[in-house]
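Secondary and tertiary structure notes
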2 protein chains.
Amino acid sequence: MKRVYTFGNGQAEGRADMKNLLGGKGANLAEMNLIGVPVPPGFTITTEVCTTYTKEGKEAVVAMIKEEVENAIAYVESLMGTKFGDPKNPLLVSVRSGARVSMPGMMDTVLNLGITEEVAEGIAEKSGNPRFAWDSYRRFVQMYGDVVLGMKPKSKTDIDPFEEVMDKVKEAKGVKLDTELDVEDLKELVKLFKSAVKERTGKDFPDNPWEQLWGAICAVFDSWMNERAIYYRRMNQIPEEWGTAVNVQAMVFGNMGETSATGVAFTRDAATGEDIFNGEYLINAQGEDVVAGIRTPQQITLEGSRRWAKLQGISEEERAAKYPSLEEAMPVCAKDLIETQQKLEDYFTDMQDLEFTIQDGKLWLLQTRNGKRTGAAMVKIAMDMLRDGQIDEKTVLKRMEPQKLDELLHPIFDKVALKEAQVMAKGLPASPGAASGQIVFFADDAEAWAEKRKKVILVRIETSPEDLRGMNVAQGILTARGGMTSHAAVVARGMGKCCVSGAGEIIIDYKARTIEMSGKVYKEGDWISLNGSTGEVYDGQVRTVEADLSGDFGAIMDIAEKFTQMDVRTNADTPRDAEVARKFGAKGIGLCRTEHMFFEGDRIKAMREMILSKDEEGRREALKKLLPMQRQDFYGIFKAMDGFGVTIRLLDPPLHEFVPHQLATQKELAEEMGLTIEEVKNAVDALAEFNPMLGHRGCRLGCTYPEITEMQARAIIEAAMDAQAEGTVVTPEIMVPLVGSLNELKMQAEVITATAEQVFAERGAKVDYKIGTMIEVPRAALTADEIAKVADFFSFGTNDLTQMTFGFSRDDAGKFLKVYQEKGILKNDPFQILDQEGVGQLVKMGTEKGRSTKSHLKVGICGEHGGEPSSVKFCASLGMNYVSCSPFRVPIARVAAAQAAVEK
Amino acid sequence: MKRVYTFGNGQAEGRADMKNLLGGKGANLAEMNLIGVPVPPGFTITTEVCTTYTKEGKEAVVAMIKEEVENAIAYVESLMGTKFGDPKNPLLVSVRSGARVSMPGMMDTVLNLGITEEVAEGIAEKSGNPRFAWDSYRRFVQMYGDVVLGMKPKSKTDIDPFEEVMDKVKEAKGVKLDTELDVEDLKELVKLFKSAVKERTGKDFPDNPWEQLWGAICAVFDSWMNERAIYYRRMNQIPEEWGTAVNVQAMVFGNMGETSATGVAFTRDAATGEDIFNGEYLINAQGEDVVAGIRTPQQITLEGSRRWAKLQGISEEERAAKYPSLEEAMPVCAKDLIETQQKLEDYFTDMQDLEFTIQDGKLWLLQTRNGKRTGAAMVKIAMDMLRDGQIDEKTVLKRMEPQKLDELLHPIFDKVALKEAQVMAKGLPASPGAASGQIVFFADDAEAWAEKRKKVILVRIETSPEDLRGMNVAQGILTARGGMTSHAAVVARGMGKCCVSGAGEIIIDYKARTIEMSGKVYKEGDWISLNGSTGEVYDGQVRTVEADLSGDFGAIMDIAEKFTQMDVRTNADTPRDAEVARKFGAKGIGLCRTEHMFFEGDRIKAMREMILSKDEEGRREALKKLLPMQRQDFYGIFKAMDGFGVTIRLLDPPLHEFVPHQLATQKELAEEMGLTIEEVKNAVDALAEFNPMLGHRGCRLGCTYPEITEMQARAIIEAAMDAQAEGTVVTPEIMVPLVGSLNELKMQAEVITATAEQVFAERGAKVDYKIGTMIEVPRAALTADEIAKVADFFSFGTNDLTQMTFGFSRDDAGKFLKVYQEKGILKNDPFQILDQEGVGQLVKMGTEKGRSTKSHLKVGICGEHGGEPSSVKFCASLGMNYVSCSPFRVPIARVAAAQAAVEK
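Everything in this summary refers to the structure shown in the same document. (Residues numbered from 1 in each chain as written. Chains lettered and ligands numbered in written order. Predicted model: local features only at pLDDT ≥ 70, side-chain atom pairs only at ≥ 80, totals over all residues. Heavy atoms only, no water.)

A closer look at the interface of chain B and chain A
- On the chain A side, the residues contacting the 50 residues of chain B number 49 residues.
- Summing both sides of the interface, chain B and chain A together bury roughly 4,300 Å²; the carbon and sulfur share of this comes to 56%.
- Among the residues chain B hides against chain A, the three largest losses belong to Leu-694, Arg-779 and Lys-815 of chain B. Together they make up 15% of the total.
- Taken together, the links from chain B to chain A amount to 4 salt bridges.
- The residue Arg-779 of chain A makes a salt bridge to Glu-837 of chain B at a minimum N-O spacing of 3.4 Å.
- Connecting chain B to chain A are 34 residue pairs in polar contact (both at pLDDT 80 or more).
- For the side of chain B that touches chain A, the per-class residue count stands at 24 nonpolar, 13 polar and 13 charged. (Contact = heavy atoms within 4.5 Å. Buried area = accessible area lost by both parts, 1.4 Å probe. Salt bridge = Lys/Arg side-chain N within 4 Å of Asp/Glu carboxyl O. Polar contact = N/O pair within 3.5 Å; in protein donor to acceptor, adjacent residues only side chain to side chain. Nonpolar A, V, L, I, M, F, W, Y, C, P; charged D, E, K, R; others polar.)

This is how it looks when you write it as structure tokens:
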């Protein structure tokens, strides 16, 4: 079995389609070589080695791959004409992780590996640039110390031992910038850094290049299991088994002087999707400098540079002098780069995210990968490429990340309100969207506040992977430092979250928890608004309006419609929701909950009268009052869904939810009903349950009080007939909730049928209707063959089914579900992503058993999962007729359903 | 297909082993003919006809069997030398239902069918006894009216139209007894009865014998589906498909004068099982007169008669004169009867329940069947017959109704005392036994009073774990709310303590410390008595006697042991319970709940400290205090179970159950812990859950606070080693509750293993232990193949599994479960009898999937169902290794398990 794959000089043992084995980075490095893009030679250790490493540990793996790695280094040496560890003509390498998909939570890169005191001296001599040599060594010790030897402080309040040393040296010297340090200072720094390592770790800093290399390789493998990586995997549903590859590559240096540079670029605009090549670079710098935010990165293209200057309020003169574009500063390299980026995009037929280094006037590509993008860019790029004939419709569909469509559906700022809004600061439009929220400064606070359902804007000088969770729960992110490719910007775009980055004028005081913008001081908790599409920061809360669904969005929906084999319905309780969903392409209502209808105005009174009645007669009296109201509700919904099926669920929640729990309201009710306050109190108490979720609710209400079912069935049938009489095409589907056994549904179906027949007799007309049931109790799935005998359709209520199958109360599980995810006991929150392994078995069983009795049984799902892409695909794989979800998830579900069909 | 089977004159088309087709009565009538017992000739219409009747209705069935019935009547006519409907020489018949098993809820008998005015005149002439003729006719009209024409009042408060007429006639005549009416009066009565029928039903009373016959036959079939029969079937788990047969038999008359009689008899004593022939008879009477209670029945044997007289305080002179035995009154017939009963018992090799009639000095047997008996009689009769060589051991086992063994294990009320006892209320027979005591309302009081050696009955609206100690010291428990599986019921059964639960009519006033029952107010300290086997609550003290576990009981257990292929363990939390169960034959503990141990004395304080701690360190401090106490508990249990496995379940209930909810206790706790009352209140509130059943409990506690698992694992391992060091053979089995996914068990197993290894290292010794899990969450059963990877054993927690599979909260389901059973939606309470159709699928799946991963996986059950015979048999059919149940159910489970093995 081959474990190490070399590449270089137009040759490679790997290919782009070997991502599972070589990781995304490694596979593309190989492919770039094969298509003639200049890439420093190197090799990739496979992801399979990582898996072995996790199982068998360090020593076993080093022994296993030692010979192959040594051969690969020799190969690189031969291509570079240098030698690893040779002071006179040293080969330095970079070591990078590279999983199948990009993972920002993973190990950082180690650069300049192979350097030692002797080698540094050699480089100084060979390059004639001792400062470069010793700065490289200093950087290496610091980087290796942080990344491999665990010197990096775990939290921000901890002291960073390297920074501490650095500060002392600068202080002693009386300078402020690193660049002001001379060779001797750097030599001193290296010594002090090494002492710090010895002090902290008890071990000498490795002065053997091979020891360094094995340390770095193992650190990459270790990083696969670090907390951040685990968290990122969990957030992005990446299996632990995938592992990461390790890429070892000959170093090229962007910091060898004014003819060297380094940068990152996108082949198209990652925010809008426009076909504009763009990126940032720094002269005389190494990779991490561009994203670190210490120096202001410059734009690659002249056009981009001018636009940037305008946004920043910088004059053309100042721009050209201080921040020239690459096209101006290194026109030949820029031309190379522009050609190369086009070549790569054409080759991979997708927007690319590139890393490059220019060493002494020669361009090297260090990485290419499909670029992260916003939902809007995802849609536009795919549609542009389709129109250009670069990809076909199926590929368009496959390129969609359905969740990201969400960004396109959500509100943007109201233009009028926006005119009055006061701009307090301006940064970069790092990730589009509109967001209003209360200021918080720390990721922890963002999480805590968000748990209390507060909307927050996370304000940071800059973000780091530790802030990931806080960013995830915030409405938007504002940073003072960092460009369009800073951590904040990249991550926010990935999350589809509004972000303004690099708003340099704002003054953040973490200690005081304040931010000063345009002279005004905002405290933690104050409201601000962000426009991620312009980079503007507004005072207070700014009104938002509905999103405009652009033509490309509609085109994507049309393509989805063309390929899908499963309908998408919506969960809607009102004609308004039904209309919204219909606009999004919903084909009917999969779940219309009737209980919400009982809370309005006089209805709640009649409902309470019904509940507190002592006998059937009293209940019937109260139900008579509710009948016309319910009929009117259903009528409106039938009209809105003309031509489509409407599934109406009968009363579901425990009656306790409807009775008043406040003394004042109880008194009022007592007076109205001519009862004593004690009678009302007792009745309310009698309805209380230990576990209402498993109590007297669902069809258990209809089975104990059939008159409720009767009233609802009558309201539905009458409303349907009223609408039908006006020419509306109606298909009422009456859904009995919480059925666990055949007899429950049988009894309810008898009541419904009898009622319908009576209405037909009264009116001398008919309407087609169906009777079906929720499958949401495990027993219903287990006995679905029985239940199907009297059901026209099944609708899986995966919310309750998940609650009962796991034994998790959704209202209480927060306490331990979070810990479960942190500890990796559960990969996902099963209430968000359908648990295919457990709950999914019941869904499968229910579908198959149901159809074994009735082969044409209509089957759908109406839980929260109906709008979650992986769950939608699972439903499609079972051959369901439809999924039903909330209106704003309909487009997501439609695309996921189409993807399922295309992938099949 | 033959649908009618005749018998008579020593011939029969049926046999005793055709009970499924002919019903119990019909098959035995046939068999009695075949063995030469005098039986009036007749015929049986099969149960299959009943099934057809239910499906296809009256007309189809009458047409189908018309010819066969007419032929059968002709056959009876030929044997009797009479003719159906012939006024001169009429054949009268009886019509009786007869299912496979005796069903008291079924149709009553119709006697004297075939009589009309003409026929009555004919009988009067032929017999020379017009009073007999017209009395027979009057009886027939009344009986047929009641049974076939639906004249019988539905409730006791309704007017009985026949009684009304009878009363008027008697009043007019100025007499009190029926026997005082003369022929003319009887004729008048018949006329009036018929008018009443016409008035009520709108139809003439049928004067055609054939019409009468078909009416009666169809009424028997109809009665199969009447409410009482359905209810009885539900209570006794009799399938609807069985149907009932109809027996038509030539009438013989016990009311033809002083040489005629009728009676019922048992071949042995149905209460004690003693081999004493006994029974009652009346001279000049028809069947129903004996049981109707209008006349005092007389004893058949002289010995029995004398005993009876003594009990009644009647002198020998009076007895001999007024109530002579049959042996005295009709010595020849008595001799015949005694010989016949012995013949029948010998033939059927079981105690028989007989009906006989003597017509004009000739004995006729009308029915024989296996007699119903008490648990004590069941055991004694079977063992006596075994010793006599009449049956073998397997038959002994098959004859056991395991549930009835329960009667033998608990104290019972003295029979004489019970007769005088006044029933004040009725609840559910939640836990059998008899108890008398003084009323207390609070668990604390129960403890305080018990310390003063007072016998108390704890009366609560409902109980909670806080009441545990009070329950433990009480004689019995009475609750107003809660079903057969409420906290009170389950705990009481576990303790083998008498409990009446859910006595809804009683009104408890905690403040006034009073309870109102049937209008009488009882104060704290007043005496009441509970019958846990019937649910009755009596006024005052009723004398009880201790159960005597006779030698026969032990012998039955030995036979069970010989045949069983499945072990029976016990659910026990204390050494005392463990010892009791061991005496009953438990082979180990299947469920030792650790939570009960935390309520005693200082423990609850330490427990609360643990719960209210703000961090792990605080929890560890508190857990340190609990460790030695837990270790001591487990030590005691290991000692008691020397040589057997002990399965200990880790902490299971939500922490909310342990914290104080009373302000006073909260204050006390706040002071002790140095907290403010608000802090304690907030902490308590924070623990409250919407659905605690589905909340933060079970292994979710251990996963979020692994230090709890660590402490418990340490306590178990240390205790086991302490006991082992003393020569006790210990096998601790550590059981992780509420596991729903592999990772949960994995994580807990890691904590347990690490702890065990640490203890082993500390002590330089080892002990064998096992780690397993409850399968009680549906997802655990669904993913049992995964979970089995890290489990040494599975124990099905069918209580929770039932809750989650049905979505029924045991604490709340009372509200609708009762209605469900009444309406026939559910056949049984699934918390009492395992729902094999639904929950059983998960148990089967869990067992099979678990063993597919680990073929020798030990599998058991520890829910309430582990002591319910049909559920035990189901477990045996799945090849489980053991069932575990409360100590007092161990003998029941042992017999059920042995039966399963024998039946296999």
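Things to note about the side chain of Arg-319 of chain A
Residues and elements named next belong to chain A.
- Of note, Arg-319 is situated in helix α12 (residues 316–322).
- The buried category is assigned to Arg-319, whose relative accessible area is 0%.
- Apart from the residues within four sequence positions on either side, Arg-319 is in contact with Leu-302, Ser-305, Arg-306, Ala-309, Ile-314, Pro-324, Ser-325 and Glu-328. (Helix = DSSP H or I, 4+ residues; strand = E, 2+ residues; numbered from the N terminus. Buried < 20%, exposed > 50% of the residue type's maximum accessible area, 1.4 Å probe, protein only.)

Some points on the sheet that holds strand β6 (residues 93–99) of chain B
All names here are of chain B.
- Reading across from one edge, β2-β1-β3-β8-β6-β7 is the order of the 6 strands in this open sheet, with antiparallel pairing throughout. Two strands in the sheet have a free side with no partner beyond their single neighbour: β2 (11–12) and β7 (110–113).
- Sheet analysis places β6 next to strand β8 (residues 244–250), joined by 7 bridges and oriented antiparallel. Across the sheet, Gly-98 pairs through a bridge with Ala-245, a residue of β8.
- Its contacts with the sheet place helix α3 (residues 58–80) against β1 (4–8), β2, β3 (42–45) and β8, and it is angled at close to 5° to β1. (Pairing = 2+ DSSP bridges. Axes fitted to C-alpha atoms, helices over the stretch in contact; angles between N-to-C directions.)

Section: a negative patch on the surface
All names here are of chain A.
- On the surface, a cluster of negative charge is made up of Glu-163, Glu-164, Asp-167, Glu-171 and Glu-199.
- In terms of residues, the negative patch owes the most to one element, helix α6 (residues 161–173), which gives 4 residues.
- Tracing the backbone through its elements, the reader meets Glu-171 in helix α6.
- With a relative accessible area of 64%, Glu-171 lands in the exposed category. (Patch = residues over 30% accessible without salt bridge, like charges linked within 9 Å, V, L, I, M, F, W, Y side chains within 5 Å. Areas by Shrake-Rupley, 256 points an atom, 1.4 Å probe, with all protein chains shown as cover. Lys, Arg positive; Asp, Glu negative; His and termini not counted. Charge placed at Lys NZ, Arg CZ, Asp CG, Glu CD.)

Brief notes about the sheet that holds strand β8 (residues 244–250) of chain A
Residues and elements named next belong to chain A.
- Strands sit in the order β2-β1-β3-β8-β6-β7 across an open sheet of 6 strands; the sheet is antiparallel. The two strands at the open ends of the sheet, each matched to only one other strand, are β2 (11–12) and β7 (110–113).
- In the sheet, strand β3 (residues 42–45) pairs with β8 via 4 bridges, with the strands oriented antiparallel. By the bridge assignment, Phe-43 is partnered in β8 with Val-248.
- Helix α3 (residues 58–80) contacts β1 (4–8), β2, β3 and β8 of the sheet and is inclined by roughly 5° relative to β1.

Focus on α3 of chain B
Residue and element names in this part refer to chain B.
- The largest bend in α3 amounts to roughly 50° and is located at Lys-66.
- Those residues of α3 not exposed but buried are Val-61, Val-62, Ile-65, Val-69, Ala-72, Ile-73, Val-76 and Glu-77.
- Positive phi appears at Gly-81, one or two residues downstream of α3, with a value of about 70°. (Bend = angle between axes of the 7 residues up to and from the residue.)

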